[in-house]
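# Structure assessment
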Amino acid sequence: MIYDSVEEFAATLPDFGAIAGLDLGTATIGVAVSDSMRSVATPLETIKRKKFTVDAAALLEITTQRLIKGIVLGLPRNMDGSEGPRCQATRAFARNLHRLTPLPITFWDERLSTVAAERALLEADTSRKRRAEVIDHVAAGYILQGLLDRLHHLKDAS
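Keep in mind it's a predicted model, so treat the numbers as computed, not measured.

What counts and how
- Residues numbered from 1 in each chain as written.
- Predicted model: local features only at pLDDT ≥ 70, side-chain atom pairs only at ≥ 80, totals over all residues.
- Heavy atoms only, no water.
- Helix = DSSP H or I, 4+ residues; strand = E, 2+ residues; numbered from the N terminus.
- Buried < 20%, exposed > 50% of the residue type's maximum accessible area, 1.4 Å probe, protein only.
- Contact = heavy atoms within 4.5 Å.
- Areas by Shrake-Rupley, 256 points an atom, 1.4 Å probe, with all protein chains shown as cover.
- Phe/Tyr/Trp six-rings, centres within 6.5 Å; stacked < 30°, edge-to-face > 60°.
- Lys NZ or Arg CZ within 6 Å of the ring centre and 35° of its normal.
- Polar contact = N/O pair within 3.5 Å; in protein donor to acceptor, adjacent residues only side chain to side chain.
- Pairing = 2+ DSSP bridges.

## Here we look at the overall build of the protein
Counting secondary structure elements, the protein contains five helices and six strands. Overall, the protein shows an N-to-C arrangement of helices and strands of β-α-β-β-β-α-β-α-β-α-α. Across the 158 residues that make up the protein, the buried fraction comes to 44%. Restricting the contact set of the protein to residue pairs at least 6 apart, pairs at least 24 apart contribute 65%. Counting every atom, the protein has about 8500 Å² of accessible surface; 55% of that belongs to carbon and sulfur.

## As for the packing of aromatic side chains
Counting across every chain of the model gives one aromatic pair. The interplanar angle of 75° and the centroid separation of 5.2 Å between the aromatic rings of Phe 52 and Phe 93 together place this pair among those described as edge-to-face. Here Phe 93 lies in helix α3 (residues 85-98) and Phe 52 lies in helix α2 (residues 52-65), a separation of 41 residues in the sequence. For Phe 52, a relative accessible area of 24% puts it in the partly exposed group. Phe 93 sits in the buried class, given a relative accessible area of 4%. The ring of Phe 107 is capped by Arg 91, whose NZ or CZ atom sits 4.7 Å from the centre of that ring. The ring centre of Phe 16 lies 6.0 Å from the NZ or CZ of Lys 155, which sits over that ring.

## Topic: the environment of Arg 49
As for its position among the elements, Arg 49 is in the loop between β4 (41-48) and α2. Between the C-alpha atoms of Arg 49 and Ala 27, which are 22 residues apart in sequence, the distance is 5.2 Å. If near-sequence neighbours (up to four positions away) are discounted, Arg 49 is found in contact with Leu 24, Gly 25, Thr 26, Ala 27, Thr 28, Ile 29, Asp 55 and Phe 93. Here the side chain of Arg 49 touches Gly 25 through a polar contact of 2.7 Å, landing on its backbone oxygen. Within the structure, the side chain of Arg 49 is placed 3.3 Å from the side chain of Asp 55, a separation counted as a polar contact.

## Remarks on the pairing of strand β3 (residues 28-34)
In terms of burial, β3 is largely enclosed, as seven of its seven residues are buried. Where strand β2 (residues 18-24) and β3 come together, five bridges link them in antiparallel fashion. If you follow Asp 23 over to β3, its bridge partner there is Gly 30. Hairpin remark: β2 followed by β3, antiparallel, with three residues in the connecting loop. A loop of six residues connects β3 with β4, the two strands running antiparallel in sequence, and Arg 38 in this loop sits at a positive phi of about 60°.

Shown next, in the form of structure tokens:
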């Protein structure tokens, strides 16, 4: 099921189990995963995009190996909050992925996640070549950490 609301997404999750975060680009998919307690997001890998069936197979292999309980996709809204063609492409990817997995799927506003990832990598004195290799899955980590923080806030509020 695809949930626009993080609250509805959270209600479908078991108490424990990892969540995967995805940063969808036109050429790559950054992947991050959480720990089973959902405290920390860890950048995992960047998948070079080929075609949907190949990309989805790679993602579903990760979800199986890592016992993932839910998926969050970064939603690339415009700076004014509106949704453009990239958001439509992300939502279409989610619909197609949903047909292949029973895992709940939600979205997280990813505005500036790549900027934050780039800044963190620069502060870590990462070379330009290495930044290009890891930026997408580091951005996925920022997306996933935002969701994890929200889930903890929801849990604390209840």
